[in-house]
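Close look at the chain arrangement
Below are the chains, spelled out letter by letter.
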Amino acid sequence: LFLANFPDLAAPGFLWPYPDGAKSPLDLATALYARAAALDVLVATLFTTVEAVAAVAACHPELATAYFIQDYEADFASLDDHQRRRALDSYTRVDDMLLFAKTDWLRDKVQDRHNVTVRKVLPSLDLTAFDDARAARAAAQPR
């Protein structure tokens, strides 16, 4: 359903590594490594994916790397000590990685705690992307 509503994301050049069965940072790195020569940038979206991006970037130094920080994961109550350390290390794991976040709160927190620069991006929810689904649901409602 997702790709049906966003068909441009299925276009060549847009990589979805998880369908390859990646269940760990090593699996993800392996899936990405096979395609890395055709990529310009690798973007991590969770602290565990930073590890995969770091592994691939080490073998492909021409790749740009980025981390879309969506929350301060080190504060998650469900993490054990090892996972928390990995989350804390994720912000400085890759030299010259572009870090970016959507909120000033998150940007400031990561910058203050890790002495790194975090760029701010604007929220990007396009509510019109759901118009067709809303119209279909409305049309299906009994009258």
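Source: prediction; values computed, not measured.

1. A few points about the side chain of histidine 60
- With respect to the helices, strands and loops of the structure, histidine 60 is situated in the loop between α3 (47-59) and β2 (64-68).
- Sequence-distant contacts of histidine 60, defined by excluding residues within four places in its chain, comprise Tyr33, Ala36 and Ala37.

2. Quick notes on the pairing of strand β3 (residues 98-101)
- Where β2 meets β3, 3 bridges bridge the pair, whose relative direction is parallel. Along β3, the bridge assignment pairs alanine 66 with leucine 98.
- Crossover β2 to β3 through helix α4 (residues 81-89) is right-handed.
- Bridging between β3 and strand β4 (residues 118-120) involves 3 bridges; their strand directions are parallel. Its bridge partner lying in β4, phenylalanine 100 is registered against arginine 119.
- Handedness of the crossover joining β3 and β4 through helix α5 (residues 104-114) is recorded here as right-handed.

3. Regarding the packing of aromatic side chains
- Counted under the stated rule, the structure contains 3 aromatic pairs.
- Aromatic pair phenylalanine 68 and phenylalanine 100: ring centres 5.1 Å apart, planes at 5°, arrangement stacked. Of this pair, phenylalanine 68 sits in strand β2 while phenylalanine 100 sits in strand β3, and the two are 32 residues apart along the sequence.
- On the basis of relative accessible area, phenylalanine 68 is assigned to the buried category, the value being 18%.
- Summarising the aromatic geometry, the rings of tyrosine 72 and tyrosine 91 are spaced 5.6 Å apart at their centres and angled 0° between planes, so their arrangement reads as stacked. Residue tyrosine 72 is found in the loop between β2 and α4, and its partner tyrosine 91 is found in the loop between α4 and β3; the two are separated by 19 residues along the sequence.
- Judged by relative accessible area, tyrosine 72 falls into the buried class, the value being 2%.
- Taken together through their ring pairs, the aromatic side chains of Tyr67, Tyr72 and Tyr91 make up a single cluster.

Criteria and cut-off values
Residues numbered from 1 in each chain as written. Predicted model: local features only at pLDDT ≥ 70, side-chain atom pairs only at ≥ 80, totals over all residues. Heavy atoms only, no water. Helix = DSSP H or I, 4+ residues; strand = E, 2+ residues; numbered from the N terminus. Contact = heavy atoms within 4.5 Å. Pairing = 2+ DSSP bridges. Right-handed = clockwise from strand over helix to strand, strands pointing away. Phe/Tyr/Trp six-rings, centres within 6.5 Å; stacked < 30°, edge-to-face > 60°. Buried < 20%, exposed > 50% of the residue type's maximum accessible area, 1.4 Å probe, protein only.

Purely geometric stuff here, so don't read any function into it on its own.
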